[in-house]
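# Structure at a glance
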Amino acid sequence: MMKSSTAADGGAAYPHLRGTTPQQAVDTFLALLQDRLPGWLRTLHDLMHHAGRGRVGDNLLPVAKAGIAYYAEVQAAAMPAFVSPSLTVRFRQAMRDSELGPQAEIEPLAAYLAAEQGLGRIGQGVNPEATARLLLAGCFRHAYYETFTGVDSEPSRDESAGDIVRELRLEARGALES
């Protein structure tokens, strides 16, 4: 028989977690994040090698596809981290301590966009950091709805990635069209 701990110690077994305590779920998510995040960050950092080469949209498209795949993989594992306020606080502290927060994703993408802007390939009115957040938010949103409503309820990942990049409107009209 499985022993259930109390909610006060952050370990109450919730049926929707299939016998996993919330603390175990947070630990599992952090382990998954530590495993998957380096590859995702490498994708973002490698983007800088494309500055000034190819079309900006073509450079961003694989990033959007990889972002959707990454968020789809880790997002479901993150949900148990928010089942109680005390676990959410622990999760946030663990994210800060490990420097795995959102800035780790935003900074390399914004740096690429700023480099392209410096080369005159993106308009001066574009805010690189805000644009990076928008691209990542679009990827996260697709993965979120795919997780909760099913793959068939959303456009394909490839179609969504193309839409996300195109709607950033970083290049002259028609430059992203084949």
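Anything mentioned here points back to the structure above.
Model, not experiment: these values are computed from the prediction. (Residues numbered from 1 in each chain as written. Predicted model: local features only at pLDDT ≥ 70, side-chain atom pairs only at ≥ 80, totals over all residues. Heavy atoms only, no water.)

Attention shifts here to a nonpolar patch on the surface. A surface patch of nonpolar side chains, amounting to about 470 Å² of accessible area, comprises M79, F140, Y144, Y145 and F148. Assignment of secondary structure puts F140 in helix α5 (residues 128–149). For F140, a relative accessible area of 40% puts it in the partly exposed group. (Patch = residues over 30% accessible without salt bridge, like charges linked within 9 Å, V, L, I, M, F, W, Y side chains within 5 Å. Areas by Shrake-Rupley, 256 points an atom, 1.4 Å probe, with all protein chains shown as cover. Salt bridge = Lys/Arg side-chain N within 4 Å of Asp/Glu carboxyl O. Helix = DSSP H or I, 4+ residues; strand = E, 2+ residues; numbered from the N terminus. Buried < 20%, exposed > 50% of the residue type's maximum accessible area, 1.4 Å probe, protein only.)

So, on to helix α2 (residues 56–78). Given a rise of 1.5 Å per residue, 23 residues ought to cover 33 Å, and the 31 Å separating the end C-alpha atoms of α2 matches this to within 8%. A72 marks the point of greatest bend in α2, at about 25°. (Expected span 1.5 Å × (residues − 1). Bend = angle between axes of the 7 residues up to and from the residue.)

What follows is about unusual backbone geometry. A positive phi angle is found at R169, which is not glycine, with a value near 55°. Inspection of the secondary structure puts R169 in the segment after α6 (157–167). Residue classification places R169 among the exposed residues on the basis of a relative accessible area of 59%.

Two descriptors summarise a pair of aromatic rings, namely the distance from one centre to the other and the angle between the planes of the rings. For the structure on display, the rule yields six aromatic pairs. Measuring from ring centre to ring centre gives 5.5 Å for W40 and Y70, while their planes differ by 20°; the resulting arrangement is stacked. Of this pair, W40 sits in helix α1 (residues 22–46) while Y70 sits in helix α2, placing them 30 residues apart in sequence. A relative accessible area of 3% means that W40 is categorised as buried. The buried category is assigned to Y70, whose relative accessible area is 7%. Plain terms: the ring middles of Y144 and F148 are 4.9 Å apart, the flat faces sit at 50° to each other, and that makes the pair tilted. In this pair, Y144 and F148 both sit in helix α5, four residues apart, roughly one turn of the helix. Relative accessible area serves as the criterion here: at 33%, Y144 is assigned to the partly exposed category. Taken together, W40, Y70, Y71 and F140 form an aromatic cluster joined through their ring pairs. (Phe/Tyr/Trp six-rings, centres within 6.5 Å; stacked < 30°, edge-to-face > 60°.)

In this structure, W40, L60, L109, L113 and L135 are the most contacted members of the largest nonpolar core, which totals 40 residues. Breaking this core down by element, the ones donating at least two residues are α1, α2, α3 (85–98), α4 (103–118), α5 and α6. At 10 residues, the largest contribution of residues to this core is made by α2. Residue contacts for L113: discarding those within four places in its chain leaves L60, I122, P128, T131, A132 and L170. (Core = buried A, V, L, I, M, F, W, Y, C linked by side-chain atoms within 4.5 Å. Contact = heavy atoms within 4.5 Å.)

This brings us to α5. Counted at 1.5 Å a residue, the expected span for α5 with its 22 residues is 32 Å, and the 31 Å between its end C-alpha atoms agrees. Listed as buried for α5 are P128, T131, A132, L135, L136, G138, C139, H142, A143 and E146. Down the axis of α5, the sector holding all buried residues measures 140°, keeping them to one side. Residue N127 occupies the N-cap position of α5, its side-chain oxygen lying 3.0 Å from the main-chain nitrogen of E129. (Arc of directions from axis to C-beta. Polar contact = N/O pair within 3.5 Å; in protein donor to acceptor, adjacent residues only side chain to side chain.)

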